[in-house]
Amino acid sequence: MKYKRYIPYFSAVLCTAVYLSLVFNDNIWLDEAFSASIIRCGYKEMLSRTFADTLPPFYNLSAWLFTRIFGFSTIGLKIFSVLPVFLLMLVSARFLTRVSSVRASCIYMALVTGMPHFLEHGVEIRMYSWAVFFASSAAIFALCVTRKIRYAGIGLTACTILGAYTHQYALIAEAFIWLMLLAVMYRNKEISAWLKMSAVCFILYIPCAALTLHQMKAASSYFSAAPATLGSLFASLRYPYVTNITVLSAILMLSVLSLLIYSCKRRDASSAYYMLIYVFVTFMSFGIMWSTGSTFFTSRYLMPSIGILWLGVSITLENVIMEKKQAGIFALLILSAVCIVVYVRQYRTEYVDMSGFEEFIAATGPEDGYIIYEDFPEIEICLGYYAPWLRKCEPEELDGVAGHKYLIVNRDIHINDVEKIKKYELKYIGNLSFDRYTFKAYELSE
């Protein structure tokens, strides 16, 4: 077919359009507000807050530069998160076609669009889509290295370093890729080439490693995650398949397990290994937490490994379809069902009606202040992004607010809270919503 080689590029544009259809809104949640607030700062403050954070610096630095070129906005930052998804698809179109096939490349693009969590993190103002891009591209380039494709070693090294500077769990996923490559190159008596590439990666990572050691002290003081229990372990292992429809999630997980068994029977070691990396990373994380008594892991850290999981699935599924055409029909039905469910859910999340909240924010000014009652400072942090001019006060500081005074409630008010504000009359503004949050807002007057 004369134009067959262009099909993956068309697929890349089509799948990217699906992502872009979700960015035209101003809805953000806690973590996004945290990142966006850092990116909005001047260069020196951005650097200071980045180095005080728990994550490597690539995302904040690159997003800061992007917003200085194209302007700062919620939509612009969401587009910046879609950019690496598009780049991953281009890498797939250019290089996965050379180590597998056009069909495998298109399948992979469909999987990183329609499978659980990709649309969510692909438009989120966080570093996860970039981590997926670098780790998954490193996995593709590693296959290319084994086939001696030109420039593959440069691509592998660059993606490994940039992934390490993006998220620690991108580096961990990449480390498993390099272990596989070590075994292959040792068998092929090419260990010197592996040592040279890995030495470059090691040297270039030293500055980030030093920064990470510095950040660990700060992380231990305030960062925590869910306890390491058997329940949370199984939840993490199920994470790549969670569609919020139990039957569909089970079918998806069993289908991948079947492909893993098929790949093992065919002795397609690289595909099987790629499908298992997220399992290795999960057990490693929980093993460390159990042995140290610490809690540092959350399932979304698996996203770089999950990008590699679906790479292994796409290559294996291509082989299955070559042998059994009906398998392609079954796979298409599952993919379509999952994609529809995932897209509808994400669309509803992104396009929550926040008109009341926007009207409330537009009516506030730099002399206004508020007190807030919530169990965790999620609304407060988000307000720091939406209305940085608003002053957050303690009840005893309200007399010093020259403008309007507001009360925001995101939990039950106790009698002690009422005592602190009983001198004020409460005028109910409304039940306001944005993203995943809903809270009650009042205006206080004496």
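Our subject is the structure that appears above.
What counts and what doesn't
- Residues numbered from 1 in each chain as written.
- Predicted model: local features only at pLDDT ≥ 70, side-chain atom pairs only at ≥ 80, totals over all residues.
- Heavy atoms only, no water.
- Salt bridge = Lys/Arg side-chain N within 4 Å of Asp/Glu carboxyl O.
- Helix = DSSP H or I, 4+ residues; strand = E, 2+ residues; numbered from the N terminus.
- Buried < 20%, exposed > 50% of the residue type's maximum accessible area, 1.4 Å probe, protein only.
- Pairing = 2+ DSSP bridges.
- Contact = heavy atoms within 4.5 Å.
- Phe/Tyr/Trp six-rings, centres within 6.5 Å; stacked < 30°, edge-to-face > 60°.
- Lys NZ or Arg CZ within 6 Å of the ring centre and 35° of its normal.

Student: What should I look at first to understand the pattern of salt bridges in this one?
Tutor: In a structure, side chains of opposite charge can pair up when their charged atoms sit close to one another. In total, this model carries 10 salt bridges according to the counting rule given. A salt bridge links Lys78 to Glu350; the shortest N-O distance between them is 2.9 Å. Highlighted residues: Lys78 in helix 5 (residues 74-99) and Glu350 in helix 16 (residues 325-350), separated in sequence by 272 residues. Glu350 carries the same exposure label as Lys78, and that label is buried.

Student: Honestly, the sheet that holds strand 4 (residues 425-434) in this entry has me stumped. Any pointers?
Tutor: Hydrogen bonding along the main chain pairs the strands of a sheet, whether they run parallel or antiparallel. With respect to topology, 5 strands assemble into an open sheet ordered 2-1-3-5-4, the strand pairing being mixed. Two strands in the sheet have a free side with no partner beyond their single neighbour: strand 2 (391-392) and strand 4.

Student: Can you help me understand the environment of His167 in this one?
Tutor: Among the structural elements, His167 can be located in the loop between helix 9 (152-164) and helix 10 (168-187). Residues His167 and Leu20, 147 residues apart in the sequence, show an inter-C-alpha distance of 24 Å. If sequence neighbours within four positions are ignored, His167 has contacts with Leu55, Pro56, Met127, Tyr128, Ala131 and Tyr301.

Student: Mind showing me how you'd approach the packing of aromatic side chains here?
Tutor: The description of an aromatic ring pair rests on the distance of the ring centres and on the angle between the ring planes. All told, the structure shown has 34 aromatic pairs when counted by the stated rule. Seen from their ring centres, Trp130 and Phe134 are 5.9 Å apart, and the 35 degrees between their planes marks the pair as tilted. You can see Trp130 and its partner Phe134 sitting in helix 8 (residues 128-146), 4 residues apart, about one turn around the helix. Residue classification places Trp130 among the buried residues on the basis of a relative accessible area of 6%. With relative accessibility at 3%, the residue Phe134 sits in the buried group. Each member of the aromatic cluster is reached from another via a ring pair, and the members are Phe58, Tyr59, Phe66, Phe70, Phe80, Trp130, Phe133 and Phe134. In this arrangement the basic side chain of Arg94 is found over the ring face of Phe95, its NZ or CZ atom lying 5.5 Å from the centre.

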